[in-house]
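Read off the chains here:
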Amino acid sequence: MKEQPTTGVYSCADESLSVERVAVATLPTEWGEFRIAGYRSLVSDEEFVALFKGEMRRDTPTLVRIHSQCLTGDVFGSTKCDCGAQLHQTMQMIEREGRGAIVYQQQEGRGIGLMAKLQAYELQDQGRDTVQANEELGFKADHRGFQLPAEILAALKLKAVRLLSNNPDKVAALEAAGIKVTERVPCEVEPNAESERYLNTKKEKLGHLFSKR
Ligand SMILES: [Zn+2]
């Protein structure tokens, strides 16, 4: 990973951030006890949730996942994708390490929105893969921006992270946004019959890395 200058976009002045913390509370879960914080953007109507555990230290590369909301996977336990399993695996890893954070990005369907995602699912039922379906609906394969998640990390006082992701583009985007990624930690879930095609598309068309595939 390339070195970032020590005086990045955010330096150490939190007042330069365009997000503010609304509340922070304790959240006991099936996988351990976490802190949950709500943030809102000062420049748009976007809201974010961060789940974290342990002391957040600027000088400690910390286990982090930027997770994109997936209502179908995270809440309904959909097996069409690996989102829910990745989220819960991350929570278990953070619990084991005793330190880490998840920035939960409310960008359903890689940023296209819930209704459009369901339209894409309808197209997938007719044989398209996830990238073809999004493109047919007029969306790019990935609509997410990483500037605001990077600001949430900065607001959590994290400047260096061990990023839980299979997506090398995410590493580059986060570094471009001023967060030092000291390591990419694979976040792999065993595929099932339904998610197999989706994960293959992620690998072939979106450049995701899977060690077991
Ligand atoms: Zn999903």
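Anything mentioned here points back to the structure above.
Because the structure is predicted, anything quoted here is derived from the model rather than measured. (Residues numbered from 1 in each chain as written. Predicted model: local features only at pLDDT ≥ 70, side-chain atom pairs only at ≥ 80, totals over all residues. Heavy atoms only, no water.)

Student: Please clarify how the nonpolar core should be interpreted in this entry.
Tutor: The nonpolar side chains of a soluble globular protein tend to be buried, and buried together. If you look at the biggest cluster of nonpolar residues, it comprises 28 residues, and the most contacted ones within it are Tyr 39, Leu 153 and Leu 174. Elements with a contribution of two residues or more to this core: strand 2 (32–41), strand 3 (47–53), strand 4 (62–68), strand 5 (100–105), helix 6 (147–155), strand 6 (160–164) and helix 7 (168–176). Once residues lying within four places of it in the same chain are set aside, the contact partners of Leu 153 are Val 64, Ile 66, Val 103, Leu 158, Val 161, Leu 174 and Ile 179. With 12 residues, the next largest nonpolar core counts Leu 63, Ile 94, Ile 102 and Cys 187 among its residues. (Core = buried A, V, L, I, M, F, W, Y, C linked by side-chain atoms within 4.5 Å. Buried < 20%, exposed > 50% of the residue type's maximum accessible area, 1.4 Å probe, protein only. Helix = DSSP H or I, 4+ residues; strand = E, 2+ residues; numbered from the N terminus. Contact = heavy atoms within 4.5 Å.)

Student: So what exactly am I meant to see when it comes to the pattern of salt bridges here?
Tutor: Should their charged atoms come close, side chains of opposite charge can pair. Across all of its chains, the model carries 8 salt bridges by this definition. The partner of Lys 53 in a salt bridge is Glu 95, with the nearest N and O atoms 3.0 Å apart. Placement of the pair is Lys 53 in strand 3 and Glu 95 in helix 2 (residues 83–97), with a sequence separation of 42 residues. Accessibility expressed as a relative area gives 17% for Lys 53, which makes it buried. Looking at Glu 95, the relative accessible area reads 29%, which means it is partly exposed. Residue Arg 162 pairs with Glu 183 through a salt bridge whose shortest N-O separation is 3.2 Å. Of this pair, Arg 162 sits in strand 6 while Glu 183 is found in strand 7 (residues 180–185), placing the two residues 21 residues apart along the sequence. A single network of salt bridges, built from pairs that share partners, joins Glu 55, Arg 57 and Asp 59. (Salt bridge = Lys/Arg side-chain N within 4 Å of Asp/Glu carboxyl O.)

Student: Any chance you could explain unusual backbone geometry here in plain terms?
Tutor: Leave glycine aside and you will find that most residues have negative phi; peptide bonds, for their part, are mostly trans. Its identity as a non-glycine residue notwithstanding, Lys 157 has a phi of 75°, on the positive side. With respect to the helices and strands, Lys 157 occurs in the loop between helix 6 and strand 6. Since its relative accessible area comes to 34%, Lys 157 is described here as partly exposed.

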